[in-house]
Amino acid sequence: MKVSYRWLGRHVDLAGIAPAEVANDLTIHTAEVEGCERFAPWLADVVVGHVVERVRHPDADKLSLCRVDVGPRGEGQLLQIVCGASNVAAGQRVAVALAGTALPNDLKIKKSKIRGVESQGMICSESELSLSDEHAGIWVLPGEPRIGAPVSEALGLDDWVIEIDNKSLTHRPDLWGHRGLAREVAAIRGRKLAPLDLAPPRTSAGAPYPVRVESAGCARYLGLVIEGVKNGPAPEWMRFLLLAVGQRPIDLLVDLSNFVMLDLGQPNHLFDLGLLAADGIRVRDARAGERMRTLDGLERVLTAEDVLVCSGDEIVALAGVMGGEGSKVGPETGSVLVEAAAFDPTRVRRTAARLGLRTDASTRFEKNLSPTLPAEAAAHVVSLLRSLQPGLRLPRPAGDAGQWKDPARTVSISPARVREVLGAPIPDAEIERILGALELRLEKRAEKGAEWRVHVPSARATKDLTIPEDLIEEVGRMHGYGRIPVQALQVELHPAPWNERAELVRTLADRLGGAAGFHEAMTYSFVDSAVLAALGLDGERYVRLANPQSAGSERVRRSVLPSLLAHLAKNRRQRPEVRLFEIGKGYLPEHASARHEPLEVHELALVWMAPRPDAGPGFASSAFARLQAVVEDLFRDAGRERPPWTSAPALPAWAHPVRSIAAADGGGQPIALLTTLEPEVQARLDLTGELDGEVACAVLSLDRLLAQPRVPAGYRPLPRFPGVKVDVAAAVPEECSAGGLEQALRAAGKGLVESCDLFDLYRGASLGAGRKSLAYHVLLQAEDRTLTEQDCAKYLARVERALAELGGELRKV
Amino acid sequence: VSAERARTEVAPIREQALAAIGAASAVPELARIEREVLGKDGAVGRLLAGIREVPPAERKAFGEAANELKRTLEGALAERRAALEKERIAAERAAEHFDPTLPAPRVERGSLHPMTLVVRRLERIFTSMGYQALDGPEVELDYYNFEALNIPRDHPAREMHDTFWCEGGELLMRTHTSPVQIRALEKGFDPAALPFRAIVPGRCFRNETTDASHEHTFHQMEGLVVGKGITVGHLIGTMKTFLREVFRAELEVRLRPGYFPFVEPGFELDVRCPFCEKKGCSVCKRSTWIELCPCGMVHPRVLNYGGVDPAVYTGFAFGLGLSRLVMLFYQIEDIRHLMGADLRFLEQFPHTR
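This report concerns the structure included in the present document.

Quick notes on the rules
- Residues numbered from 1 in each chain as written.
- Chains lettered and ligands numbered in written order.
- Predicted model: local features only at pLDDT ≥ 70, side-chain atom pairs only at ≥ 80, totals over all residues.
- Heavy atoms only, no water.
- Contact = heavy atoms within 4.5 Å.
- Buried area = accessible area lost by both parts, 1.4 Å probe.
- Salt bridge = Lys/Arg side-chain N within 4 Å of Asp/Glu carboxyl O.
- Polar contact = N/O pair within 3.5 Å; in protein donor to acceptor, adjacent residues only side chain to side chain.
- Disulfide = S-S within 2.5 Å.
- Buried < 20%, exposed > 50% of the residue type's maximum accessible area, 1.4 Å probe, protein only.
- Core = buried A, V, L, I, M, F, W, Y, C linked by side-chain atoms within 4.5 Å.
- Pairing = 2+ DSSP bridges.
- Helix = DSSP H or I, 4+ residues; strand = E, 2+ residues; numbered from the N terminus.
- Expected span 1.5 Å × (residues − 1).
- Axes fitted to C-alpha atoms, helices over the stretch in contact; angles between N-to-C directions.
- Phe/Tyr/Trp six-rings, centres within 6.5 Å; stacked < 30°, edge-to-face > 60°.

**Notes on the interface of chain B and chain A**
Line of reasoning, step 1. Contacts between chain B and chain A engage 90 residues on the former and 87 residues on the latter.
Line of reasoning, step 2. Each partner contributes to the roughly 7300 Å² buried at the junction of chain B and chain A, and carbon and sulfur atoms together form 54% of this total.
Line of reasoning, step 3. Three residues stand out in chain B for area buried against chain A, namely Pro257(B), Tyr259(B) and Leu343(B), and they jointly supply 9% of the buried area on that side.
Line of reasoning, step 4. Counting every contact that joins chain B to chain A gives eleven salt bridges.
Line of reasoning, step 5. For Asp510(A), the salt bridge is made with Arg120(B), and the minimal N-O distance between the two is 2.7 Å.
Line of reasoning, step 6. Applying the counting criterion to the chain B and chain A interface returns 44 residue pairs in polar contact (both at pLDDT 80 or more).

Here it is in structure tokens:
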């Protein structure tokens, strides 16, 4: 909302308080100020000129040649200015933009030749100065302003605009007009708010104007007839104040209505009485499907939630939002009906939101204005209009209908509680002063220590000030939060509860983001439908958004990994190798709580994309193998037991049907799943051709990892006797698994095998088709003696027999 | 006789050998001289072998003279060898081309997201003050996100939240971390361990158009303290302490009125822009203040919803804009980088602390 500094000055004396200081006062004590800027700053550069002589341009019928006195700015000379307006005449005071002046709309004034004659400036129209749409002729300045003075100063147009963030006024219906803000400034500065007589005007006797309220959406409707009105342009002071706050002046009646709204915060409407039916006003609920044409010329389709103001068979206004086209005031209007009403905040808000029609009126109504305010607004309309047109008449009492009651209330508060919550030693007297300055009347009780009764006036009682804490806020903000002494918390020491998952996440991230060489990513919780389709996951159940940003982004992810895969191609374009991880949440709607919350799962997703290893049997060079090593290490970091890897039982659609392994918990659910991307899926993700590579992925369920038993803490005494190292190379059929082979090598040791580490995997012609060779470093160790060559030979003999059973043989190393 | 022998037999060997040692210019040459002089068949060896022909009376003196000669020559050889070795090393050094600017092979290492880094920093500060770090669901119930935070249905504040609603109307993507206030009080408020202190970092969602300074997914950190006699002064003190720890500087802060239905009184906390020393810059949009977080005293109704008696307890809460803080901290110009998963961005944060 825009606030005019000069307008505030109508309600509170601002002498000695600069606009920026007012802005700062409001920021610190009242609401969020977004800016404070001079109104139409170019008006300080445009000067008052006096047209001394006007003759026709020698070469153009429609142009005039003017000699203009601009005082000292002309350096003793009259300026010669070519002017195209027909209304220019000698003797006028006009607004002159001298060469070098910058006007709005990128208009820069230069000395120029027009049809061969030099022009030393420009005589401006109101439109060229952005003061109105009037561009038919130049702006003839009213009165006799001082020649050579800046126009802003000479006409009292010097103003500053303070912009306040509407959101910060959500709870303050009283601040939607200048008077309310002036009340704040007065309270902050300890000045007096200028008196304003808002008593109901005296009307002729007789039957009140007929008003019927038939909708629960209208608490009060007040209609007051004014006769003997003459429409025309509003006075300059009013037009300029409206301009300053961004309202384009239209004509007196429209401007007056706007002025009263912006002054008191109460929206109101002026109907041309002659265009209303004789039976008066009826406020009713709209019927679903009913149509009306609003003032902006658009036809609106209504619902039963909308409230209508009707006259005869006509709908004359969409209540609280916008007037209708049929009854608006015009140049011929001689009598008006002033509407000032209290409409239901929620219904106005819904109507405005549904129609996309947020107006100054609806914005105010939805804040819950006091139903006492309409009478004050009507009185204000009358007194302002009467000051301009003393002859107006009020032929009958106002119609005033509706079910409403004054929201003014009392709230009890003890000053001790104020000090207690704010943590500041604010004396009783200061609390009293602040509440008084805000027009909150105090009623103290005789007993010592008793609570004070605070009378909250209507304008602040609708929802703003209802509980003691609300009053504490009033005292705190006016006292100044900056004056509250800083306190440190005093606590008894108790250990903070241990967050095991957070600790696990930290450990895993440290490992991955450190030496493991992975980069932590964060991606959206919404997962693109196209990506899900590419991964074959679009058939799963998802939590879905009702209002997604775009079609295809409505699904909330079940798992983190698909989001990482979606970012692979982009990164692969930049780097031959991509290592990413993300720790995040997934939501499974099929496992909902009793309150229908979807099951939340916590997941670590890992992707390692690397150039495909050179052809050959090397078992440790693939991204898959290296990722497996990282995942195994994560189990160690987490201090959790890792169940043995097995072929993954149930695979997601994007996983490679063969190259997949899982470590499952007791219930058979995978704690970790490791796989390479299925080739077709890889193609669908655009990871082919130049972007090809091996994509290894892993998914770790943090929930299941946390449930795994911890590796017991403990220590084993150091061996007392040296062990023997022996290398074993076994040629076996392809069907024989490394796991099975290792088991056989260990079994052959009869308890002596301390460690058994694969160091080579070989396939080649020398072995024959369908065979492979695996080589191990084996360490034999006994607890009670030093092992000898003989032990070693016995072991190898047993190994040989075991291999024979597997269809293999021992190779010479 | 012994003097005579010494002159005729020992002295020439000494002189010759010492001259040869002195003239040697390389270690292998010294080895040859050593063999020739001290070896089995060398001059000194022969001398010692001849001791049997020496008259017994002179043998002792002769033996001493010969041994002395041996020691002298051994000493001379060692000295000369050390000198030559030194020369060789010096020559090698002189010939060496060592390029101190040659790059080292790269050690592959990863990175943590700047959000993680900032959250860790904050968690360290707050957990050291006895706060527990909590977590809450991103898919949230209307009840926790709005209702229990004193934002009933039809409250205008709801509209400002630009909520992503889930199908069915009961669930939504949480618009702030504040719902965890209620969840935390319901579950963890223990009158025997006061004041209750918790922080809740996490993602939040607002359905607004994304550009360089707006994201539909962003991060916040909720803070909540509930106990007996908790005041606005405690809130200010806490925020000052934490800012001092984050920015490692004493920064001026100010509280000004702000409206949030779940606090009363409610504030906006501004911090003096750490980048421009009150001159005004693009970071603070020329105002010299940076709006950091909404905060306030927990509304009595919210305490009630959390099962805490507002007649006995008071508390404060704050909602720190983490995305904004991360951007400030690392001077990131475009918020979209945070959720963009672009390695060129992520690689730039190779810290784990």
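**Section: the state of the cysteines**
Line of reasoning, step 1. All chains considered together, the criterion is met by zero disulfides over all chains.
Line of reasoning, step 2. Just so you know, Cys792(A) is unpaired, no disulfide at all, and the nearest cysteine sulfur is the one on Cys756(A), 13 Å from it.
Line of reasoning, step 3. Not engaged in a disulfide, the cysteine Cys166(B) finds its nearest cysteine sulfur in Cys204(B); these two sulfurs lie 14 Å apart.
Line of reasoning, step 4. Looking at Cys166(B), the relative accessible area reads 2%, which means it is buried.

**Observations regarding the nonpolar core**
Line of reasoning, step 1. Judged by nonpolar contacts, the single largest core of 139 residues is most densely connected at Leu565(A), Leu606(A), Val631(A) and Trp654(A).
Line of reasoning, step 2. With 37 residues, the next largest nonpolar core counts Leu545(A), Tyr144(B), Leu171(B) and Tyr313(B) among its residues.

**Here's the deal with the sheet that holds strand β1 (residues 132–133) of chain B**
All names here are of chain B.
Line of reasoning, step 1. The sheet built from seven strands is open, its strands ordered β1-β4-β5-β9-β8-β7-β6 with mixed pairing. The open sheet terminates on both sides in strands that have one partner only, identified here as β1 and β6 (253–257).
Line of reasoning, step 2. Two elements, β1 and strand β4 (residues 196–205), share two bridges in a ladder whose sense is parallel. Counted as the bridge partner of Ala133 is Ile199 from β4.

**Re the pairing of strand β14 (residues 218–226) of chain A**
Residues in a regular strand point their side chains to alternate faces of the sheet.
All names here are of chain A.
Line of reasoning, step 1. Most of β14 is tucked away, with eight of its nine residues classed as buried.
Line of reasoning, step 2. Summarising the sheet, β14 and strand β23 (residues 399–401) pair through three bridges and their orientation is antiparallel. Paired with Gly223 across the bridge in β23 is Gly399.

**A few points about helix α4 (residues 178–189) of chain A**
Residues and elements named next belong to chain A.
Line of reasoning, step 1. Over its twelve residues, α4 runs 16 Å from end to end, which matches the ideal 16 Å to within 8%, given 1.5 Å per residue.
Line of reasoning, step 2. Among the twelve residues in α4, eleven count as buried, and that is most of the element.
Line of reasoning, step 3. Within α4, the full set of buried residues consists of His178, Arg179, Gly180, Leu181, Ala182, Arg183, Glu184, Val185, Ala186, Ala187 and Ile188.
Line of reasoning, step 4. Immediately downstream of α4, the backbone of Gly190 shows phi near 65 degrees, a positive value.

**Thoughts on unusual backbone geometry**
Line of reasoning, step 1. Looking along the chain, the bond that leaves Leu194(B) and enters Pro195(B) is cis, with omega of -10 degrees.
Line of reasoning, step 2. With respect to the helices and strands, the residue Pro195(B) is situated in the loop between α8 (179–188) and β4.
Line of reasoning, step 3. That bond from Glu264(B) to Pro265(B) is cis: its omega, -5 degrees, falls within 30 degrees of zero.
Line of reasoning, step 4. Summarising the element assignment, Pro265(B) is placed in strand β7 (residues 263–272).
Line of reasoning, step 5. Although it is not a glycine, His596(A) adopts a positive phi angle of roughly 70 degrees.
Line of reasoning, step 6. Summarising the element assignment, His596(A) is placed in the loop between β31 (578–588) and β32 (599–610).
Line of reasoning, step 7. Despite not being glycine, Lys285(B) has its phi angle at roughly 50 degrees, a positive value.
Line of reasoning, step 8. Structurally, Lys285(B) can be placed in the loop between β7 and β8 (289–298).
Line of reasoning, step 9. Exposure remark for Lys285(B): the relative accessible area of 69% places this residue in the exposed category.

**What to know about the sheet that holds β31(A)**
All names here are of chain A.
Line of reasoning, step 1. The seven strands are arranged β27-β31-β32-β36-β35-β34-β33 in an open sheet whose pairing can be described as mixed. Across the chains shown, the open sheet's two edge strands, defined by having one partner strand only, are β27 (519–520) and β33 (646–647).
Line of reasoning, step 2. Two elements, strand β35 (residues 670–677) and strand β36 (residues 694–701), share five bridges in a ladder whose sense is antiparallel. The partner of Thr675 across the bridge, within β36, is Cys697.
Line of reasoning, step 3. Sheet contacts for helix α14 (residues 500–513): β31 and β32; angle to β31, the most-contacted strand, approximately 160 degrees.
Line of reasoning, step 4. The sheet strands contacting helix α18 (residues 623–638) are β32, β34 (655–664), β35 and β36, and the helix crosses β32 at an angle near 140 degrees.

**Section: the packing of aromatic side chains**
All names here are of chain B.
Line of reasoning, step 1. All chains considered together, the criterion is met by 20 aromatic pairs over all chains.
Line of reasoning, step 2. Ring geometry for Phe146 against Trp165: centres 6.1 Å apart, planes inclined by 40 degrees, an arrangement best described as tilted. Here Trp165 lies in the loop between α7 (156–160) and β3 (171–173) and Phe146 lies in the loop between α6 (142–145) and α7, a separation of 19 residues in the sequence.
Line of reasoning, step 3. Residue Phe146 is classed as buried on the basis of its relative accessible area, which comes to 0%.
Line of reasoning, step 4. Ring centres of Tyr330 and Phe349 lie 5.0 Å apart, and the angle between their planes is 80 degrees; this geometry places the pair in the edge-to-face category. With Tyr330 in helix α11 (residues 322–330) and Phe349 in the segment after α12 (343–346), this pair connects stretches of sequence that are 19 residues apart.
Line of reasoning, step 5. Relative accessible area serves as the criterion here: at 26%, Tyr330 is assigned to the partly exposed category.
Line of reasoning, step 6. Members of the aromatic cluster, each reached through a chain of ring pairs, are Phe247, Phe329, Tyr330, Phe345 and Phe349.

**Concerning the pairing of β35(A)**
Residues and elements named next belong to chain A.
Line of reasoning, step 1. Counting buried positions over the eight residues of β35 gives seven, a clear majority of the element.
Line of reasoning, step 2. Pairing analysis gives six bridges linking β34 to β35, with the strands arranged antiparallel. Bridge pairing in β35 places Ser660 opposite Thr675.
Line of reasoning, step 3. Between β34 and β35, which pair antiparallel and follow one another directly, the connecting turn spans five residues, one of which, Gly668, has a positive phi of 80 degrees.

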